[in-house]
Amino acid sequence: MLNRRILRVKAFQNLYAYEQCKASNHNLARDFIKESFLPDLNSMEVQDKAALNREAQLALEIFEKNINNTDAIEGSDASPKIKKAVKEAIVQYRNANLRDREFLLKNMVTSAERIPQLYLTAIELIQAFADHVGKEYERKRKLSGSQAVEFSSELNLHRNQILEKLRNSPAYQAALAKNNVNLDDIELEIKEWFRDYVKPSEEYQAYIGIDQPTAEQDEEIVEAILKKIIFKNEVILNYFSEKDLNWTENKAVVRSLAAKVFKNVLNSEVSDLPEIAMNWEEDKEFFQNIFNFTIERGAENRELIAQKTKNWDIDRLAFTDKVIISMAITEMQQFPSIPVKVSINEYIDISKTYSTPKSKQFVNGLLDVMSKELTEKGKIRKSGRGLLDNK
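Residues numbered from 1 in each chain as written. Predicted model: local features only at pLDDT ≥ 70, side-chain atom pairs only at ≥ 80, totals over all residues. Heavy atoms only, no water.

A. Molecular detail of helix α9 (residues 215-230). For α9, with 16 residues, the first-to-last C-alpha span of 21 Å sits near the 22 Å given by 1.5 Å per residue. If you check which residues of α9 are buried, you get Asp218, Glu219, Ile221, Val222, Glu223, Ala224, Ile225, Leu226, Ile229 and Ile230. (Helix = DSSP H or I, 4+ residues; strand = E, 2+ residues; numbered from the N terminus. Expected span 1.5 Å × (residues − 1). Buried < 20%, exposed > 50% of the residue type's maximum accessible area, 1.4 Å probe, protein only.)

B. How the structure looks around the packing of aromatic side chains. Evaluation of the coordinates by the stated rule reveals 14 aromatic pairs. A centroid spacing of 5.5 Å and a plane angle of 85° characterise the contact between phenylalanine 194 and tyrosine 204, whose relative ring orientation is edge-to-face. With phenylalanine 194 in helix α7 (residues 187-198) and tyrosine 204 in helix α8 (residues 202-207), this residue pair connects regions lying ten residues apart in the sequence. The exposure classification of phenylalanine 194 matches that of tyrosine 204, with both residues buried. When the ring of phenylalanine 286 is compared with that of phenylalanine 335, the centres are 5.2 Å apart and the planes differ by 70°; the resulting orientation is edge-to-face. Placement of phenylalanine 286 in helix α12 (residues 280-296) and of phenylalanine 335 in the loop between α14 (319-334) and α15 (340-354) is noted, with a sequence separation of 49 residues between them. Across this residue pair, the class does not change: phenylalanine 286 and phenylalanine 335 are buried. (Phe/Tyr/Trp six-rings, centres within 6.5 Å; stacked < 30°, edge-to-face > 60°.)

C. Main features of the layout of surface pockets. Taken as a whole, the largest pocket encloses approximately 1,000 Å³ of empty space. Surrounding the largest pocket, 27 residues form its lining, Glu19, Lys22, Tyr93, Gly298 and Ala299 being those nearest its centre. For the lining of the largest pocket, the element with the most residues is helix α1 (residues 4-36), which contributes six residues. Tallied by class, residues from the lining of the largest pocket come to eleven nonpolar, seven polar and nine charged. One number sums up the size of the second largest pocket: a volume of about 450 Å³. Breaking the lining of the second largest pocket down by element, the ones donating at least two residues are α4 (80-144) and α7. If one sorts the elements of the lining of the second largest pocket by residue count, α4 sits on top with seven residues. (1 Å grid on protein atoms, 1.4 Å probe; cavity = no way out; pocket = protein on both sides within 12 Å on 5 of 7 lines; lining within 4 Å. Points joined across faces, edges and corners; volume = space filled by probe spheres on them. Nonpolar A, V, L, I, M, F, W, Y, C, P; charged D, E, K, R; others polar.)

D. Inspection of empty space enclosed by the protein at higher detail. Under the counting rule described, the total for this entry stands at one cavity of 30 Å³ or more. Lining the largest cavity we find Leu304, Gln307, Lys308, Met370, Glu373, Leu374 and Lys377. Taken together, the elements giving at least two residues each to the lining of the largest cavity come down to α13 (298-308) and α16 (359-376). Partitioned by chemical class, the residues of the lining of the largest cavity number three nonpolar, one polar and three charged.

E. How the structure looks around the environment of isoleucine 236. Summarising the element assignment, isoleucine 236 is placed in helix α10 (residues 234-243). The spatial distance from the C-alpha of isoleucine 236 to the C-alpha of tyrosine 197 is 9.7 Å, given a sequence separation of 39 residues.

F. Focus on the nonpolar core. Core analysis: the biggest nonpolar cluster contains 52 residues, and Leu125, Leu157, Ile225, Phe240 and Phe262 have the highest contact counts within it. Those elements giving two or more residues to this core turn out to be α4, α5 (161-167), α6 (170-178), α7, α8, α9, α10 and α11 (247-267). For this core, the leading source of residues is α4, giving 13 residues. With sequence-adjacent residues up to four places away left out, isoleucine 225 is seen in contact with Ile126, Phe129, Leu157, Val198 and Ile230. The next biggest cluster of nonpolar side chains, apart from the first, holds 40 residues, and it includes Ile295, Leu304, Phe362 and Leu374. (Core = buried A, V, L, I, M, F, W, Y, C linked by side-chain atoms within 4.5 Å. Contact = heavy atoms within 4.5 Å.)

What follows is the structure, encoded as structure tokens:
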């Protein structure tokens, strides 16, 4: 199951992208205003460049002050030309933000839904390498004229207990079918990748030197192929990136889930494999809401952060920290069933991976103070499971 930490990470990644889009849209709107006051080269009249520059500067000031309140523009003393340019710039800015928001929201969900297919594809690649070993051994045996099938450590990967359990698992086969995982179109590449990357590797050579590998050794080699070959080799990684536009963001999650499958098989029989979630519709709603609510509460959250960082210039805070803290504040206030400590811990973990070395302490301290004050003001209200660990 994709736990909510993974969904929070993906929401964070798309909120980060959204903020970047907003910054670009903001610059484009300012450029539109500047261009509106450039001299008209087709005009026969004398152009007062100094006056046009003053108008452009005034329009930019009005734009910045009223970007969230177009009604106030009418009450200004600006000329009709300035008012028109500012209004058009704001409309363009807002429409561009809306388009980006809708695209990123849709992309975020689609990207999450593709993760099971990706981690199963990674596992199937190793299964394909094992199948190739068996076929090559059989081919060489027939060429030599041998009738008996002798034991050979060359077949260790083909006989790998972890892979065999998966192959024989109805749950695994059902997951492959459900997620449309099939590698028939890269049969030649699989042979080449095994020959060029798997077979020469130190781990694989040590593995085929073992007479009868234990289950633990079988698990170690599949994990080594997964992490040290599949997820380190640019040629193989390009295959995944062509299948998934969000591969850069999904890669770590996919690797982790595939490795988790191997660990689970080692420790027990194959049962249910990781899916998007036990209740995807419910988790998808959380996923979409944390994204939308954080955007909608952006100005309010920014003000709260500014109040608690008076000794800091908020624009100098790590951009990632601002997104992380805004998400955490939103979650604490908008999701009554999630305990405050759970929210804080989740976003501290995100800061460890995606922000600066000092972010963990900064995010932890700030969220601890803000959560207490917001609770005292009645802005954080928990119920049900959300009351756990909040004492």
